[in-house]
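# Breakdown of the fold
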Amino acid sequence: MSRIAKAPLQLPSGVEIKFAGGQVNVKGPKGALEVQLHPSVSLEQDDKNFVVKPESPAAIPMAGTFRSLIGNMVVGVTEGFTKKLTLVGVGYRAQVQGEKLTLALGFSHPIEYKAPKGVTIEAPSQTEIIVSGCDKQRVGQGASEIRAFRPPEPYKGKGVRYSDERVRRKEAKKA
């Protein structure tokens, strides 16, 4: 059986899990999230621990997937998730106005990006963007959409990149 699915979910204080009819709701200090369980998986409670059980041997991988999803939900409602982006390039700037992020990325026009529901975007400086929220998938998707406006290019390294991303540089053509 999947090692992830075998591991019980331990709830930190201040987090509640409610499950009924295949719907799992996780509520904590940073917000509330929900997920619909796959029919081949069930959630059982042992004292303060929760265990994801597969209904058949074929559903073992699905049990591991839902154990990870529910575990990420618990982390999200307690600590939250953040992705940090960096703008590299002359004249590349970011500015937040309300829920809109305005980017100057070397195009003839500024790019406006509206934050997805449940995600907050901050720009502590003109070349840094912080995407945060309690849903790991939405935070990652939001950061990925911002990066897609101008991904880093391999010759000069200009573009929008994750703060921990390493861009492999290519050598320019020789004359």
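The structure we're discussing is the one just above.
Definitions and cut-offs
Residues numbered from 1 in each chain as written. Predicted model: local features only at pLDDT ≥ 70, side-chain atom pairs only at ≥ 80, totals over all residues. Heavy atoms only, no water. Salt bridge = Lys/Arg side-chain N within 4 Å of Asp/Glu carboxyl O. Helix = DSSP H or I, 4+ residues; strand = E, 2+ residues; numbered from the N terminus. Pairing = 2+ DSSP bridges. Contact = heavy atoms within 4.5 Å. Axes fitted to C-alpha atoms, helices over the stretch in contact; angles between N-to-C directions. Buried < 20%, exposed > 50% of the residue type's maximum accessible area, 1.4 Å probe, protein only.

We now examine the pattern of salt bridges. Applying the stated rule across the entire model yields six salt bridges. In this structure, K100 engages E112 in a salt bridge whose closest nitrogen and oxygen atoms are separated by 3.5 Å. Of this pair, K100 sits in strand β9 (residues 100–104) while E112 sits in strand β10 (residues 111–114), placing them twelve residues apart in sequence.

With that out of the way, let us pick up the sheet that holds strand β1 (residues 9–10). With antiparallel pairing, the three strands of this open sheet are ordered in space as β1-β6-β5. Each end of this open sheet is capped by a strand with a single partner; those strands are β1 and β5 (41–46). Along the sheet, helix α2 (residues 60–78) makes contact with β1, β5 and β6 (49–54), crossing β6 at roughly 150 degrees.

Moving on: the environment of L9. Relative to the assigned elements, L9 resides in strand β1. Among the residues examined, L9 registers a relative accessible area of 4% and is labelled buried. Spatially, the C-alpha atoms of L9 and D46 are 9.8 Å apart, while their sequence positions differ by 37 residues. Once residues lying within four places of it in the same chain are set aside, the contact partners of L9 are K48, N49, F50, R67, I70 and G71.

As a further point, take the pairing of β10. Residue alternation in β10 divides its side chains into a buried set, I111 and Y113, and an unburied set, E112 and K114. Relative to β10, β9 runs antiparallel, the two sharing four bridges. Bridged to T102 within β10 is E112.

Let us look at the sheet that holds strand β12 (residues 128–133). A sheet is described by the order of its strands in space; here four strands give the open sequence β11-β12-β7-β13, paired in antiparallel fashion. Two strands in the sheet have a free side with no partner beyond their single neighbour: β11 (119–125) and β13 (159–162). Between one strand axis and the next, the sheet turns by 25 degrees as a mean value, whatever way the strands run. With six bridges joining them, strand β7 (residues 81–88) and β12 adopt antiparallel strand pairing. Paired with T82 across the strands is S132, a residue of β12.

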